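Okay, here's what each chain looks like letter by letter:
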Amino acid sequence: MSKIADQWLRDILRTLYQRRDLTRSEIIQATGLNPASVSHALRYMLRAGAVVKVGDLQSSGGRKPEVLNLNGEAAYFVGVDLEGHRIRFGLASLIGDIRYRWEYDLEIGHPLDSDKLFEGIRKVLKYLDSRQMARVLAIGVSYPGLLDQQGRLTAVNLGWNKFPLVAELREKASKQLPVELPVFFESDRHSCVRAERWLGCGQQYNDGLYVISERGIGTGFFLEGRAVEGFRDMAGELGHCVIEPAAEDRCNCGKKGCLESIASSDNIVRQYLDKVGRPRFREKMTIHGVYERARRKDEAALAVLARAGKAWGLALSYVVNLLNPEIIILGGDLISGEDVLVPLIKEEIGRHALPELIGGLKIVVSGLGFDIRLKGACSLAFRKSIADPHLLKKMCLPVFAGPTREADRLDAVPSLP
Ligand SMILES: [Zn+2]
């Protein structure tokens, strides 16, 4: 039997991970591999159990084409999302579903203790038996802020200033977890855009933009099918583009009139409270409350959303003219503002971008919801795992039902044919 190239396995795993439930001919078409290589690699993966048959297609005659998918039990990945008001942890199977999750609220004003991260990871691992634990391959971490060349993270929400995140997690992972796992890191804007590209609305498109609005604003984009990271890994700082140079709204970055200072969820709430002058709302009011008031035609809510919509639309019109995307995916709190804020954004983009670039442009809200970074972090762990020959091999080890057997162990399995 001829040797199976790692690249065939990678291409097939990646294709099934992204698109699920495919026939052999669809896999051949999507991977661009020759049919004999796909057949050979699929035979190997079906025998090992990494790929399973999930059904047959209806056929008018002759052999029914088999429908194949990944076996969720063949590998698990841990995702950690460090953004926002909450730290989220998830355990995803090879088919990308989050099996176990745990989250906790950040204590504002206190630097996050990295031991809490290991506590969260242990919580999502604790339901696995020894056989499943042996198939956990990697941890993916989606981080906010700026990670410098030395792996030190500066992130306001975590209370970290040049915190040695990479060294701390990699060093402690071997001591604090029941299994030794490699840890991979990716900025939240890249993990979001990759999650959309791999699992969400962006799958069918090669040129797209993802924006998320929560406390701040994040943007990521992919061009010609590849996520763009930029020279310092900071491409996509749309939130800090100055949209109203004369504005008095002070941004977290120190400037005034940035998109974020006018149109992020927290700043929409701030402006609403400034307008209504009722500080008793300050503890309770959220962006969802502002949306709800706008639906009831509350003038102050309509006014702040009109300003935010204008700022969003103007900023995005520059991106449309510059990058000519096929799709803009709106995430975070923009999802629940689909009826009251998104139409204003679309209208403003239409007013400012070149008409030739708007024709065919799709503007949609994300279907991945609030777990997008968690899913992105798990998919980071998957992507890094298939790129690593050792982890790739582990993913394609025979999947046995029942208790752990000696043959489950990597070192007990012969090399690929
Ligand atoms: Zn700014």
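Fair warning: this is a prediction, and the values are worked out from it, not measured in the lab.

## A short note on the coordination of the zinc ion
Taken together, the protein ligands of the zinc ion are His 240 (ND1), Cys 251 (SG), Cys 253 (SG) and Cys 258 (SG), with distances of 2.1 to 2.4 Å. The site at the zinc ion holds four donor atoms, and with the angles between them running 98 to 131°, its shape is tetrahedral. All donors to the zinc ion come from one chain, and their sequence spacing reads H-x10-C-x1-C-x4-C.

## Brief notes about the environment of Ile 372
By the element assignment, Ile 372 lies in helix 14 (residues 372-387). Along the chain, Ile 372 and Gln 203 lie 169 residues apart, while their C-alpha atoms are 14 Å from each other. Ile 372 has contacts with Cys 192, Ala 195, Glu 196, Tyr 210, Ile 212 and Ser 366, leaving out every residue within four places of it along the chain.

## Re the pairing of strand 3 (residues 76-81)
Looking down a regular strand, the side chains alternate between one sheet face and the other. Most of strand 3 is tucked away: six of the six residues are buried. What you see with strand 3 is no split at all: Tyr 76, Val 78 and Val 80 on one side and Phe 77, Gly 79 and Asp 81 on the other are buried throughout. Looking at chain direction, strand 3 and strand 4 (residues 86-93) are connected through six bridges and run antiparallel. By the bridge assignment, Val 78 is partnered in strand 4 with Leu 91. Here strand 3 pairs with strand 6 (residues 136-143) via six bridges, running parallel. When the bridges of strand 6 are listed, Gly 79 appears paired with Gly 140.

About the thresholds
- Residues numbered from 1 in each chain as written.
- Predicted model: local features only at pLDDT ≥ 70, side-chain atom pairs only at ≥ 80, totals over all residues.
- Heavy atoms only, no water.
- Donors = N, O, S within 2.8 Å, 3.2 Å for Na, K, Ca; no water.
- Tetrahedral: all angles 85-135°; square planar, octahedral: opposite > 155°, others 65-115°.
- Helix = DSSP H or I, 4+ residues; strand = E, 2+ residues; numbered from the N terminus.
- Contact = heavy atoms within 4.5 Å.
- Buried < 20%, exposed > 50% of the residue type's maximum accessible area, 1.4 Å probe, protein only.
- Pairing = 2+ DSSP bridges.

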